[in-house]
Protein chains: 2
Amino acid sequence: MNRRILITIEYKGSAYCGWQIQKGGVSVQQVLTECLEKICGHKINLCGSGRTDSGVHAMAQYAHFDCNYDAIPDDKFPQCANALLPADIKVLCSRRVESSFHARFDAKKKIYLYKMYYGGTASPIREGLFTYIPFELDTEKMNTACGYITGRQDFSAFCASGSSVKDFVREIYSVAVTQIQKGFYTEYYFEICGSGFLRNMVRIIAGTLIEIGRGKMQPDCMRQIISGKMRINAGYTAPPQGLYLMDVIY
Amino acid sequence: MNRRILITIEYKGSAYCGWQIQKGGVSVQQVLTECLEKICGHKINLCGSGRTDSGVHAMAQYAHFDCNYDAIPDDKFPQCANALLPADIKVLCSRRVESSFHARFDAKKKIYLYKMYYGGTASPIREGLFTYIPFELDTEKMNTACGYITGRQDFSAFCASGSSVKDFVREIYSVAVTQIQKGFYTEYYFEICGSGFLRNMVRIIAGTLIEIGRGKMQPDCMRQIISGKMRINAGYTAPPQGLYLMDVIY
């Protein structure tokens, strides 16, 4: 019996070169593939919902593969895989999907969260899990700028160079920045939900919002950056360690 | 000029044998002492507000030392120390205190937070920062039990064997358990504020509350455990990685 299984995966990306298998580094996809091949007893092709960069985390990444081995019930892959997986990668759940289902092409929405904080020094507890910002951010200005991001637009300005995609149009459903005071630090959360994201798009939007939040750019620059479609107008690419793939909606 | 400096320290305890200097492991106190001796140019005696166990974190630990070196302003020790300290230990602030001030004896209140979560598997993102509980907890029952902990009482039942203290009376000002649903997990937060804590006291109370929360003990067992003054009646010592020293009030 051949069945297609969809797994939900949580990982801490700090120790990996990202999701995608590549030379010169250990990827999350590689560790998972090797683990599932041991369990299934045959080669598999693990297809994720999309790549995540080195250092980026996932609260819920999704991937499908075809399994010819019958002995594991559809929903029991977590129990089998987690015994073999390292502590920083775990399978949260598994279910059978149609053989036509595709983890990447059938993704309707993706939700990302970018965690940042400001304080007098880099926080030991937040190391690797948040991005440290050495200045306070004005979240009101950032949210004004967020207002220009929603909707169906061409996001060429937020696409890293070297990307092979031809279509730069994506739809952003919601985007907002919140802040919370925690002891010596101010934490900032930037959450974005969209139909899909270009290469480094979330990190470049985060970097642009940081420039706006610290007063280096005005909020309505965001509108001009989008309409100008030039990567050079946007802000820097914010570091990966604050970024989380939160969920994928199918 | 001899001045007494009080520093506030944040650390991630995962890589250390605890606060206290001891043979056979690297302690937070040792790393900080060596760093401050480099800065001051003379031997120092760094006296903390109290010990924390191996793997326990601090959002705000306090320690004092005497400094004969004049060139560093009272409030500039963070800038000098943090350049030399590893990423998992940072000085948050410093100030001059009276030469009679003592970080341990002058502590009026201490606040600890114990972070736990339940889910189908151990969470990669929470690894080392939360304690994984493989069953759901009834926070209503736990809070009923918490009601018996407050007040000035003899807490012998929650003191690890081998402790050298003679006086087991401490005052607990507040204690509560809260829960929050986050994706695939339920997070539980147990916060306790007291005049001081016996050896492993917070972790043994946490372990007892976990037994109550999962239904292995009834909430009013807490009253009998306290009045019985026997360690054997209380629950297990909950693991260190979910515990945070949140603040010390002087």
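Residues numbered from 1 in each chain as written. Chains lettered and ligands numbered in written order. Predicted model: local features only at pLDDT ≥ 70, side-chain atom pairs only at ≥ 80, totals over all residues. Heavy atoms only, no water.

1. A look at the packing of helix H3 (residues 139-146) of chain B against helix H4 (residues 201-213) of chain B
Residues and elements named next belong to chain B.
Alright, step 1. At a minimum axis separation of 8 Å, H3 and H4 run at an interaxial angle of 135°. Taken together, the axes of H3 and H4 are oblique relative to one another. Read as a crossing pair, H3 and H4 show a hand that is right-handed. Note on element contacts: H4 touches H3 through Leu-209, Ile-210, Ile-212 and Gly-213, opposite Lys-141, Met-142, Ala-145 and Cys-146.
Alright, step 2. In terms of residue class, the contact of H3 with H4 is made up of 6 nonpolar, 1 polar and 1 charged. (Axes fitted to C-alpha atoms, helices over the stretch in contact; angles between N-to-C directions. Helix = DSSP H or I, 4+ residues; strand = E, 2+ residues; numbered from the N terminus. Parallel < 35°, antiparallel > 145°, perpendicular 65-115°, else oblique. Left-handed = near helix turned anticlockwise from the far one by under 90°. Contact = heavy atoms within 4.5 Å. Nonpolar A, V, L, I, M, F, W, Y, C, P; charged D, E, K, R; others polar.)

2. Points about the pattern of salt bridges
Alright, step 1. Inspection of the entire model under this criterion finds 14 salt bridges over all chains.
Alright, step 2. With its nearest N and O atoms 2.7 Å apart, the salt bridge here joins Arg-3 of chain B to Asp-74 of chain B. Highlighted residues: Arg-3 of chain B in strand S1 (residues 3-11) and Asp-74 of chain B in the loop between strand S3 (57-67) and helix H2 (77-82), separated in sequence by 71 residues.
Alright, step 3. Residue classification places Asp-74 of chain B among the partly exposed positions, given a relative accessible area of 29%.
Alright, step 4. Between Arg-126 of chain B and Glu-187 of chain B there is a salt bridge whose closest N-O contact spans 3.0 Å. Taken together, the residues span a long stretch of sequence, with Arg-126 of chain B in the loop between strand S5 (109-118) and strand S6 (131-133) and Glu-187 of chain B in strand S9 (residues 185-194) at a distance of 61 residues.
Alright, step 5. Assessed through its relative accessible area of 4%, Arg-126 of chain B is described here as buried.
Alright, step 6. A single salt-bridge network, built from bridges that share partners, covers Arg-126, Lys-182 and Glu-187 of chain A. (Salt bridge = Lys/Arg side-chain N within 4 Å of Asp/Glu carboxyl O. Buried < 20%, exposed > 50% of the residue type's maximum accessible area, 1.4 Å probe, protein only.)

3. Thoughts on helix H5 (residues 221-228) of chain A
Residues and elements named next belong to chain A.
Alright, step 1. Taken as a whole, H5 has its buried residues at Met-222, Ile-225 and Ile-226. Buried residues of H5 fall within an arc of 95° about the axis and therefore sit on the same side.
Alright, step 2. Phi turns positive, to about 55°, at Lys-229, one or two residues after H5. (Arc of directions from axis to C-beta.)

4. Thoughts on the domain arrangement of chain A
Interfaces are often sized by the accessible area lost when the parts come together.
All names here are of chain A.
Alright, step 1. According to the domain assignment, chain A contains domain 1 (3-97) and domain 2 (109-249).
Alright, step 2. Each of domain 1 and domain 2 has a C-alpha centre, and the two are 27 Å apart.
Alright, step 3. The interface of domain 1 with domain 2 comprises 16 residues on the first partner and 14 residues on the second.
Alright, step 4. At the boundary of domain 1 with domain 2, total buried surface from both sides reaches about 1,100 Å², with 55% on carbon and sulfur atoms.
Alright, step 5. Our count for the domain 1 to domain 2 interface comes out at 1 salt bridge.
Alright, step 6. One salt bridge connects Arg-203 with Asp-53, and the closest N-O pair in it is separated by 2.6 Å.
Alright, step 7. For the pair domain 1 and domain 2, the interface holds 9 residue pairs in polar contact (both at pLDDT 80 or more).
Alright, step 8. Broken down by class, the residue content of the side of domain 1 that touches domain 2 amounts to 5 nonpolar, 8 polar and 3 charged. (Domains from an automatic or database assignment. Buried area = accessible area lost by both parts, 1.4 Å probe. Polar contact = N/O pair within 3.5 Å; in protein donor to acceptor, adjacent residues only side chain to side chain.)

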